[in-house]
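Here's the letter readout for the chains.
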Amino acid sequence: MKNMDRNERHEPAAEGVGGPACNRPAGWDDIREATFNRGEQGPAYAIAKPVDQVACINCFMIDLDCGILDPNVVGEAATQSADDLYEKCVCDWLGRDPVLAKAEVRNTGHGLHILLRLDEPIICAGDDARRWDKIARGLRNALPGDPNLNGIIAMTRPVGALNSKYEPARMVTQLRAGQRVSREEILDLGNRVATAPARLWMQVLHGSERVSPCLLCGEEKNSLGVAGNWQVQCYGCGRVNAAALVYRHYSPEFLEKRKGSKNG
Ligand SMILES: [Zn+2]
C-alpha cells in the first residue's frame with residue numbers, strides 16, 4: 001500500500017536504480033564558499049543565510065560576469081573567457097586603486113570574483129549587519145559587476161571546486177592571492193563610491209580624470225573629464241551622469257533585459 005502511494009506521487013524509490021543519487025536536491029554538487037560567519041563551504045541551499053543571521057563578515061565581494069559585458073567595449077575575448085577578462089581589463093582596473101589593488105581574484109568558470117578579505121573579521125551585533133550590507137552593495141558599484149549580487153551574504157566558490165553550471169564542469173582557479181584589507185580601507189572605498197564616483201570611475205576604468213577622444217560620443221576632437229562628484233563632461237555630450245562610465249561596459253542585450261525586468 002505504502003509503495004503504491006509513493007509511485008502515484010511519482011517520487012523516486014529509496015534504493016536501487018534511481019535511488020539515493022536521484023534524491024539529492026538540485027545543486028548538491030555546486031559547491032559555494034560563504035564570505036560570512038565561519039566561511040562554510042557547501043551547496044548554496046545549505047550555507048546561504050539571510051542578512052540578519054550574519055554575525056561576522058570576513059570578506060567583501062564584487063562579481064564580474066563575462067556574459068553581461070559589451071564586446072565592443074571590453075573586447076570579444078573578455079566576453080568569452082574570464083582569464084582574458086582579467087588579463088585585458090580587470091588587472092588594470094584593480095591596479096589603479098589602492099584598495100582594489102589588494103583584492104584576491106578567482107576565475108569561477110565564466111566570470112571573476114573580486115574578493116576583498118579583511119585583516120580582522122567585522123563582528124555584527126544589532127543593526128550592524130544591515131548597515132554593512134548597504135556598504136557592501138555600494139562597493140560593488142566600483143566596477144561594472146553583476147548589479148544583482150548580494151551584499152554581505154554573497155557567496156564565492158572555493159578554489160579547486162568544480163562549477164557544474166557548465167558542461168563540462170569548469171574548475172575554479174585563483175588568478176591572484178591578494179592581500180588583506182582593513183575595515184578602514186573598505187570604508188574609504190565605500191565612501192569614494194558613494195560620494196565622488198565620477199573621479200573613482202574615471203581613475204579606475206581609464207587611469208585618468210580626463211580622456212580623449214570622449215568615451216561616450218567617440219569624437220576625436222572632444223575629451224571627457226570629471227565635472228564634480230557625480231558628473232562627467234565633454235563639449236559634445238555636455239554634462240552626463242557619471243554612471244554612464246559603468247553602464248557603457250554592459251552589453252545592450254543585458255541592459256535591455258534589465259530594463260524589462262524592472263518595468264515588469
Ligand atoms: Zn562626448
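Please refer to the structure higher up on the page.
Residues numbered from 1 in each chain as written. Predicted model: local features only at pLDDT ≥ 70, side-chain atom pairs only at ≥ 80, totals over all residues. Heavy atoms only, no water.

A. Summary view of the coordination of the zinc ion. Protein-derived ligands of the zinc ion are Cys214 (SG), Cys217 (SG), Cys234 (SG) and Cys237 (SG), with the metal-ligand distances lying across 2.3 Å. Geometry at the zinc ion is tetrahedral, judged from the 4 donor atoms that bind it and their angles of 103 to 112° at the metal. Each donor residue of the zinc ion belongs to the same chain, with the gaps between them written as C-x2-C-x16-C-x2-C. Judged by its relative accessible area of 34%, cysteine 217 is partly exposed. (Donors = N, O, S within 2.8 Å, 3.2 Å for Na, K, Ca; no water. Tetrahedral: all angles 85-135°; square planar, octahedral: opposite > 155°, others 65-115°. Buried < 20%, exposed > 50% of the residue type's maximum accessible area, 1.4 Å probe, protein only.)

B. Summary view of the nonpolar core. The biggest cluster of nonpolar side chains holds 62 residues, and the ones touching the most others in it are Phe60, Val90, Ile114 and Ile152. For this core, the leading source of residues is helix H6 (residues 82–95), giving 7 residues. Counting only domains with at least three residues in this core, you end up with domain 1 (28–195) and domain 2 (196–264). (Core = buried A, V, L, I, M, F, W, Y, C linked by side-chain atoms within 4.5 Å. Helix = DSSP H or I, 4+ residues; strand = E, 2+ residues; numbered from the N terminus. Domains from an automatic or database assignment.)

C. Looking closely at the sheet that holds strand E5 (residues 111–123). The strand order E3-E5-E4-E9 describes an open sheet built from 4 strands, whose pairing is antiparallel. Looking along the sheet, the strands with just one partner apiece sit at the ends: strand E3 (56–65) and strand E9 (173–176). Adjacent strand axes in the sheet meet at a mean angle of 30°, parallel and antiparallel pairs treated alike. Across 4 bridges, strand E4 (residues 104–107) lies against E5 in antiparallel orientation. Residue valine 105 lies in a different strand from E5, and its bridge partner there is isoleucine 114. Sitting on the sheet, helix H7 (residues 128–139) touches E3 and E5, and the angle it makes with E3 is about 25°. On top of the sheet, helix H8 (residues 183–195) reaches E3 and E5; it is set at about 130° to E5, its chief contact. (Pairing = 2+ DSSP bridges. Axes fitted to C-alpha atoms, helices over the stretch in contact; angles between N-to-C directions. Contact = heavy atoms within 4.5 Å.)

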